[in-house]
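# Reading the structure
Here is what each chain is made of, one letter per residue.
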Amino acid sequence: MADQNSNNPLGDLFSSIKCYIDLRIDEIKLALAENLAKIFSRIIFFFLLFILVGIALGFSAAALSSWIGSMLGDKTFGLLITAGIFILSIIMLILFRDRFMINSPLRMFLRMFFDDKKKDGKE
């Protein structure tokens, strides 16, 4: 029976096809795991960056309002001017939200998933 199976080209073909499909499935799983790892690492990185930038902005805002307040002679004016700067920044972010919030992450994810094939020479 073993001699028949080794001489059967159709059986060898089906065995090779099954092996090829299994390898392709494993390749897809590995690529998916790699891309998920990249996504989660970037999410963690941006979360930590967001926290650190928030802390830096808080201290900078406090220093700026204190400096403006001492220049104008009233701390309240310094706080109001600093709040105005932040309100203008928020308005600018709202006006350009498509560019910053949708297009940039979309390009990043598309590059992550589709540019890897170009690097490997699998075009």
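Residues numbered from 1 in each chain as written. Predicted model: local features only at pLDDT ≥ 70, side-chain atom pairs only at ≥ 80, totals over all residues. Heavy atoms only, no water.

### A word on the UniProt feature "transmembrane region" (unreviewed entry) in the protein
- Using the residue numbers shown here, the UniProt feature "transmembrane region" (unreviewed entry) corresponds to residues 43-64 and 76-96.
- Taken end to end, residues 43-64 is 100% helix and 0% strand, and its two terminal C-alpha atoms sit 31 Å from one another. (UniProt positions renumbered as here; feature names shortened; annotations may be inferred. Helix = DSSP H or I, 4+ residues; strand = E, 2+ residues; numbered from the N terminus.)

### Side note on a positive patch on the surface
- A cluster of basic residues, Arg-42, Arg-99, Arg-107 and Arg-111, forms a positive patch on the protein surface.
- Sorting elements by how many residues they give to the positive patch places helix α4 (residues 97-120) first, with 3 residues. (Patch = residues over 30% accessible without salt bridge, like charges linked within 9 Å, V, L, I, M, F, W, Y side chains within 5 Å. Areas by Shrake-Rupley, 256 points an atom, 1.4 Å probe, with all protein chains shown as cover. Salt bridge = Lys/Arg side-chain N within 4 Å of Asp/Glu carboxyl O. Lys, Arg positive; Asp, Glu negative; His and termini not counted. Charge placed at Lys NZ, Arg CZ, Asp CG, Glu CD.)

### Structural notes on a nonpolar patch on the surface
- A contiguous nonpolar patch, built from Ile-44, Phe-47, Leu-48, Phe-50, Ile-51, Leu-52, Ile-55 and Phe-59 and spanning about 890 Å² of accessible area, is present on the exposed surface.
- Within the fold, Phe-47 resides in helix α2 (residues 9-72).

### Looking at the packing of α2 against helix α3 (residues 75-95)
- Remark: α2 packs on α3, axes separated minimally by 7 Å, with the N-to-C direction vectors making an angle of 135°. When the axis of α2 is compared with that of α3, the two are oblique. Here α2 runs over α3; the crossing is right-handed. Taking contact as the criterion, the partners of Leu-57, Ala-61, Leu-64, Ser-65, Ser-66, Ile-68, Gly-69, Ser-70 and Leu-72 in α2 are, on α3, Lys-75, Phe-77, Gly-78, Leu-79, Ile-81, Thr-82, Ile-85 and Phe-86.
- Here the residues of the contact of α2 with α3 are counted per class, giving 10 nonpolar, 6 polar and 1 charged. (Axes fitted to C-alpha atoms, helices over the stretch in contact; angles between N-to-C directions. Parallel < 35°, antiparallel > 145°, perpendicular 65-115°, else oblique. Left-handed = near helix turned anticlockwise from the far one by under 90°. Contact = heavy atoms within 4.5 Å. Nonpolar A, V, L, I, M, F, W, Y, C, P; charged D, E, K, R; others polar.)

### Comments concerning the pattern of salt bridges
- Summed over all chains, the structure comprises 3 salt bridges.
- The salt bridge partner of Asp-22 is Lys-18, with a shortest N-O separation of 3.7 Å. Note that Asp-22 and Lys-18 are positioned in helix α2 at a spacing of 4 residues, about one turn of the helix.
- A residue is classified by how much of its surface remains accessible, and Lys-18, at 53% relative accessible area, is exposed. (Buried < 20%, exposed > 50% of the residue type's maximum accessible area, 1.4 Å probe, protein only.)

### Remarks on the environment of Ser-70
- Here Ser-70 is to be found in helix α2.
- At 2.8 Å, the side chain of Ser-70 forms a polar contact with the backbone oxygen of Trp-67. (Polar contact = N/O pair within 3.5 Å; in protein donor to acceptor, adjacent residues only side chain to side chain.)

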